[in-house]
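Survey of secondary and tertiary structure
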Amino acid sequence: MNAHPRPALRSRVVPVVAVVISVLTMSLCTVGAQGPLAVVLPPLIVGGAVTAAVWAVRRSRADRAAYESRLTAWAASEAVLAERLRIARDLHDIVSHGLGLITVRAAATRHLPKPAEVAVALTDIEDASRHATAELRRMLTVLREPSAAGRRAPVDSLEDLPGIVHGASLAGLRARLTVAPLGPVSQGVQVAVCKTVREALSNAARYAGPTDVGVRVDRDGTYVVVTVSDAGPVDGWRASPGAGHGLAGLRERIGSLGGTLSAEPVDGGFRVTARIRDEAA
């Protein structure tokens with residue numbers, strides 16, 4: 001699902017060069033003429049051809065640079081849009097799970113003795129939660145891309161962190177995980193924590209190779225702080241950069257939760273720090 005069409009490469013080089021070639025071709029027909037024209041015309045033709053060639057090369061490079069700039073901006077915009085759609089789907093899973101629990105708990109009280117007012121209130125709660133769940137599913141169908149219409153995996157939680165770090169170790173990273181006592185953490189923040197760790201480890205594997213990486217998750221008041229720092233590229237490692245939009249999407253997700261994301265070189269390595277506001281605190 002793209003918000004805007006992919007930019008097209010537009011250049012005026014081809015039509016202009018075609019016109020120049022046509023003019024030079026017609027001029028070549030007069031090379032055999034006598035008099036001053038036969039002396040002046042050949043150098044003019046050569047000079048025109050050289051000038052057209054130089055202009056064509058420079059213009060082509062300028063058009064290519066402008067196109068790549070537009071393409072980069074478009075790709076960054078699409079990455080942010082894709083992350084917003086993923087946030088919407090994750091939010092659907094989190095909210096619909098909570099509404100499902102409300103529905104089940106309300107329905108489970110039907111056989112229990114209770115005042116009439118309580119019975120009516122519980123029935124209203126059950127109906128409202130069922131309606132809200134149905135609306136969430138309908139909206140998710142609108143947001144979901146056709147290619148993502150299949151069954152989705154459960155959203156990430158803090159319990160998935162050891163598996164994420166272990167997967168990075170299988171890829172060659174020497175990763176260490178430290179999780180300080182966090183207390184209650186809202187589900188959306190848990191998803192953002194896992195996304196941050198996964199993206200940072202992926203970047204470390206691409207840019208630094210099988211290096212040492214420290215992953216730490218702790219709490220600073222109302223914020224959950226995620227820090228992923230590597231020791232820098234190993235000797236002889238050749239970086240294989242990705243598209244470069246993973247951090248942009250991650251920054252969009254963390255920003256939607258009222259947090260901040262920083263990524264910077266530190267002591268020869270690289271460090272990603274996410275401060276995610278956690279309302280559950």
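Look a little higher up for the structure.
This text gives an overview of the structure that appears in the document. (Residues numbered from 1 in each chain as written. Predicted model: local features only at pLDDT ≥ 70, side-chain atom pairs only at ≥ 80, totals over all residues. Heavy atoms only, no water.)

So, the overall build of the protein
Put simply, the rule is: Numbering of helices and strands runs from the N terminus, with a helix taken as a DSSP run of H or I at least four residues long and a strand as a DSSP run of E at least two residues long. A simple rule labels every residue: compare its accessible area, found with a 1.4 Å probe on the protein chains alone, to the largest value its type can have, and call it buried under 20%, exposed over 50%, or partly exposed in between. In this description, accessible areas are obtained by the Shrake-Rupley approach with a 1.4 Å probe, and a residue is regarded as covered only by the protein chains that are shown.
On a plain count of helices and strands, the protein comes out with 6 helices and 5 strands. For the protein, with 281 residues in total, the buried portion stands at 29%. A total accessible area of about 16900 Å² is found for the protein, and carbon and sulfur atoms account for 62% of it.

Points about the pairing of strand β1 (residues 174–179)
Remark: a regular strand shows side chains that alternate across the two faces of the sheet. Note the threshold: For two strands to be treated as a pair, DSSP must find no fewer than two bridges joining them. Note on handedness: a crossover is taken as right-handed if, strands pointing away from the viewer, the path from the first strand over the helix to the second is clockwise.
Pairing of β1 with strand β2 (residues 212–220) involves 6 bridges; the strand directions are parallel. Its bridge partner being in β2, T178 is matched across the sheet by R216. Handedness of the β1-helix α5 (residues 187–207)-β2 crossover: left-handed.

Side note on the nonpolar core
Keep this limit in mind: For our purposes a nonpolar core is just a set of buried Ala, Val, Leu, Ile, Met, Phe, Trp, Tyr and Cys residues, chained together by side-chain atoms within 4.5 Å. Working rule for contacts: check all heavy atoms of both residues, and any pair within 4.5 Å makes them a contact.
V193, V197, L201, V213, V226, V228 and I276 are the most contacted members of the largest nonpolar core, which totals 29 residues. Those elements that place two or more of their residues in this core are α4 (161–170), α5, β2, β3 (223–230), α6 (246–256) and β5 (269–277). Excluding its chain neighbours within four sequence positions, the residues that come into contact with V213 are L173, R174, A175, R176, L201, A204, V228, S229 and D230.

Remarks on the pairing of β5
The pairing of β3 with β5 spans 8 bridges and is classified as antiparallel. Bridge assignment links D230 to a residue of β5, and that residue is F270. Here strand β4 (residues 260–266) pairs with β5 via 7 bridges, running antiparallel. Across the sheet, T260 pairs through a bridge with R275, a residue of β5. Where β4 folds back onto β5 in an antiparallel hairpin, the turn is made up of 2 residues, including D267, whose phi is positive at roughly 55°.

Things to note about the side chain of R253
With respect to the helices and strands, R253 occurs in helix α6. When its relative accessible area of 4% is taken as the criterion, R253 is described as buried. Contacts of R253, omitting those with residues within four sequence positions, involve E83, R86, I87, D90, V191, A192 and K195.

Considerations on α6
What counts is decided by this rule: The arc under discussion is defined with respect to the helix axis, by the directions toward the C-beta atoms.
Among all positions in α6, only L247, G249, L250, R253 and I254 are buried. Along the long axis of α6, the arc covered by the buried residues comes to 160°, so they all point the same way. The first or second residue beyond α6 is G258, which carries a positive phi of 80°.

Considering α5
Test applied: Residue count minus one, scaled by 1.5 Å, sets the expected span of a helix.
Relative to the 30 Å expected for 21 residues at 1.5 Å per residue, α5 spans 30 Å between its end C-alpha atoms, a close match to the ideal helical length. For α5, the complete set of buried residues consists of V189, Q190, V191, A192, V193, C194, T196, V197, A200, L201, N203 and A204. Immediately beyond the C-terminal end of α5, within one or two residues, lies G209, with a positive phi of roughly 80°.

Focus: the sheet that holds β3
Going by this rule: Axis geometry follows a simple rule: fit a line to the C-alpha atoms, using only the stretch in contact for helices, then measure angles between N-to-C directions, giving values from 0 to 180 degrees.
Pairing is mixed across the open sheet formed by 5 strands, whose spatial order is β1-β2-β3-β5-β4. Lying at the two open borders of the sheet, with one neighbouring strand each, are β1 and β4. Sheet twist, expressed as the average angle between the axes of neighbouring strands with direction ignored, equals 10°. α5 contacts β2, β3 and β5 of the sheet and is inclined by roughly 10° relative to β3.

A few points about the pattern of salt bridges
The test is simple: We define a salt bridge as a side-chain nitrogen of Lys or Arg found within 4 Å of a carboxyl oxygen belonging to Asp or Glu.
For the structure on display, the rule yields 6 salt bridges. The partner of E264 in a salt bridge is R271, with the nearest N and O atoms 3.5 Å apart. On the accessibility criterion, E264 (35% relative accessible area) is partly exposed.

Concerning the packing of α4 against α5
Test applied: An angle below 35 degrees is read as roughly parallel, one above 145 as roughly antiparallel, one from 65 to 115 as roughly perpendicular, and any other as oblique. Only Asp, Glu, Lys and Arg are considered charged, only Ala, Val, Leu, Ile, Met, Phe, Trp, Tyr, Cys and Pro nonpolar, and every remaining residue, Gly among them, polar.
α5 packs onto α4 with a crossing angle of 5° between their chain directions and a minimal axis gap of 10 Å. Classed by the angle they form, the pair α4 and α5 counts as roughly parallel. For the pair formed by α4 and α5, the contact residues are L161, I164, V165 and A168 on the first element and V193, C194, V197, R198 and L201 on the second. Across the contact of α4 with α5, the residue classes tally to 8 nonpolar, no polar and 1 charged.

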